[in-house]
Amino acid sequence: MVILTGAGISAESGVDTFRDAGGIWSKVDYREVATPEGFARNPRKVHDFYNKRRRGMAGILPNAAHAALARLEQAFLGTFLLVTQNIDHLHEAAGSHRLLHMHGELAKALCEACGERSEWPGDMSTSSQCPQCRTVGRLRPDVVWFGEMPYHMERIYAALSECDLFVSVGTSGSVYPAAGFVEEARLAGAHTVELNLEPSEGGSLFAQTHYGRATEVVPAFVDRLIEKSWP
């Protein structure tokens, strides 16, 4: 089983989405804060952007959809992988363990000098020192930016090639390579399910769809799945 989650699952916890009307990219030019070139031009601006996002996560809690997926992981006896495009830690907070962050993690730093990653829950700046190599001024958020390759792709494609069930939760279906995962799963013969607020751009590719609030449709689907009454 492979589960893919996107911004829609965290939106009900109060986390801003990126691509929806009124989302982050409607207010901020991604080229300035979410590209290697933008970081090279103005690292202080990039750090300010992500510092505000880290502070904004204070008090944000996982919701019923996160909890349902953690419950599914515990109940499912087969091979299970949860792949999230989100950079928050709400899945972990809900109890998920078999999890990959394909777009990185907000609360981690990546050192451009030594390539090591470190936990970094607080503010980051051009004067921050790498905990690993002690270099100053070479830390960046451990987040995949536009033009960069998402993390863990070999493991993700291997799981998709062997899965029997692929479920996409709260995604726009417009961001590749994640938008192509449903086709990879279909090629493997998997049953494919979309759980979303509304049909995604690739909604027609799914064999089964359920639309509504994530906190309603995800727990209901998980209950049916655990009871083995799906599809």
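This report concerns the structure included in the present document. Only a predicted model underlies this, so the values are computations on that prediction, with no experimental measurement involved.

1. Considerations on the overall build of the chain
In step 1: The helix and strand tally for the chain stands at nine helices and nine strands.
In step 2: At 18 Å, the chain has a C-alpha radius of gyration in line with the 17 Å of a compact globule built from 231 residues.
In step 3: Referenced to the eigenvectors of the C-alpha coordinate spread, the extents of the chain come out at roughly 55 × 35 × 30 Å.
In step 4: For the chain, the share of sequence-separated contacts (at least 6 apart) that also reach a separation of at least 24 residues comes to 62%.

2. Details of the environment of Ala-159
In step 1: Relative to the elements of secondary structure, Ala-159 occurs in helix H7 (residues 153-162).
In step 2: Non-local contacts of Ala-159, meaning those with residues more than four positions away in its chain, are made with Val-2 and Leu-81.

3. A short note on helix H4 (residues 43-56)
In step 1: Its 14 residues place the ends of H4 20 Å apart at the C-alpha level, agreeing with the 20 Å of an ideal helix rising 1.5 Å per residue.
In step 2: In the core, the buried residues of H4 are packed alongside helix H2 (30-33), helix H3 (36-41), strand E4 (104-111) and strand E6 (139-143).

4. Examining the packing of aromatic side chains
In step 1: Per the counting criterion, the structure on display carries six aromatic pairs.
In step 2: Between Tyr-30 and Phe-146 the ring centres are 4.2 Å apart and the planes differ by 40 degrees, which places this aromatic pair in the tilted class. On the criterion of sequence distance, the pair formed by Tyr-30 in helix H2 and Phe-146 in the loop between E6 and H7 is long-range, its members being 116 residues apart.
In step 3: Using a relative accessible area of 34% as the deciding quantity, one classes Tyr-30 as partly exposed.
In step 4: Between the aromatic rings of Phe-166 and Phe-206, the centroid separation amounts to 6.3 Å while the plane-to-plane angle is 15 degrees, which identifies the pairing as stacked. On the criterion of sequence distance, the pair formed by Phe-166 in strand E7 (residues 165-169) and Phe-206 in the loop between strand E8 (191-196) and strand E9 (208-211) is long-range, its members being 40 residues apart.
In step 5: With a relative accessible area of 11%, Phe-206 lands in the buried category.
In step 6: Grouping aromatic residues by their ring pairs yields a cluster made of Phe-39, Phe-49, Tyr-50 and Trp-145.

5. Considering the sheet that holds E4
In step 1: Read from one edge of the open sheet, three strands run E5-E4-E6, paired in antiparallel fashion. The open sheet has two edge strands, strand E5 (117-119) and E6, and neither has a second partner. If you compare each strand with its neighbour and ignore which way they point, the axes differ by 45 degrees on average.
In step 2: Judged from the three bridges that link them, E4 and E5 form a sheet pairing that is antiparallel.

6. Structural notes on the nonpolar core
Nonpolar side chains in soluble globular proteins tend to end up buried together.
In step 1: Grouped together as the largest cluster of nonpolar side chains are 21 residues, with contacts concentrated most on Ile-3, Val-167, Leu-195 and Val-218.
In step 2: Listing elements by their share of this core, those giving two or more residues are helix H5 (64-75), E7, E8 and helix H9 (214-226).
In step 3: Take this core: its biggest share by element is six residues, from H9.
In step 4: Other than its neighbours up to four places away in sequence, Val-167 contacts Val-2, Ile-3, Leu-4, Val-193, Leu-195 and Phe-221.
In step 5: Among the nonpolar cores identified, the runner-up in size contains 17 residues, and Met-102, Met-153, Leu-160 and Ala-190 belong to it.

7. Describing the sheet that holds strand E2 (residues 81-84)
Adjacent strands of a sheet form backbone hydrogen bonds with each other and so pair up, either parallel or antiparallel.
In step 1: The sheet built from six strands is open, its strands ordered E3-E2-E1-E7-E8-E9 with parallel pairing. At either end of the open sheet lies a strand with only one pairing partner, and these are strand E3 (99-101) and E9. Averaged over all pairs of adjacent strands, the angle between strand axes in this sheet comes to 15 degrees, irrespective of strand direction.
In step 2: Sheet topology places E7 next to E8; five bridges connect them, and they run parallel. Paired with Phe-166 across the two strands is Thr-192, which belongs to E8.

8. Re the environment of Gly-173
In step 1: Its location among the elements puts Gly-173 in the loop between E7 and helix H8 (181-187).
In step 2: Look at Gly-173 and you get buried, because its relative accessible area is 19%.
In step 3: Between the C-alpha atom of Gly-173 and that of Gly-202, which follows or precedes it by 29 residues, the distance is 5.4 Å.
In step 4: What Gly-173 contacts, discounting residues up to four positions off in sequence, is Ala-179, Ser-200, Glu-201 and Gly-202.

9. A few points about the pattern of salt bridges
Note that side chains of opposite charge can pair when their charged atoms are close.
In step 1: The full count for this structure, using the stated rule, is 12 salt bridges.
In step 2: Its salt-bridge partner being Lys-45, residue Glu-32 comes within 2.1 Å of it at the nearest N-O pair. Of this pair, Glu-32 sits in helix H2 while Lys-45 sits in helix H4, placing them 13 residues apart in sequence.
In step 3: Here Arg-55 and Asp-123 are joined by a salt bridge, their closest N and O atoms 2.7 Å apart. With Arg-55 in helix H4 and Asp-123 in the loop between E5 and E6, this pair connects stretches of sequence that are 68 residues apart.
In step 4: For Arg-55, a relative accessible area of 49% translates into the label partly exposed.
In step 5: Residues participating in the shared-partner salt-bridge network are Glu-12, Arg-213 and Glu-216.

The rules behind each value
- Residues numbered from 1 in each chain as written.
- Predicted model: local features only at pLDDT ≥ 70, side-chain atom pairs only at ≥ 80, totals over all residues.
- Heavy atoms only, no water.
- Helix = DSSP H or I, 4+ residues; strand = E, 2+ residues; numbered from the N terminus.
- Rg over C-alpha atoms; globule rule 2.2 N^0.38 Å.
- Contact = heavy atoms within 4.5 Å.
- Expected span 1.5 Å × (residues − 1).
- Phe/Tyr/Trp six-rings, centres within 6.5 Å; stacked < 30°, edge-to-face > 60°.
- Buried < 20%, exposed > 50% of the residue type's maximum accessible area, 1.4 Å probe, protein only.
- Pairing = 2+ DSSP bridges.
- Axes fitted to C-alpha atoms, helices over the stretch in contact; angles between N-to-C directions.
- Core = buried A, V, L, I, M, F, W, Y, C linked by side-chain atoms within 4.5 Å.
- Salt bridge = Lys/Arg side-chain N within 4 Å of Asp/Glu carboxyl O.

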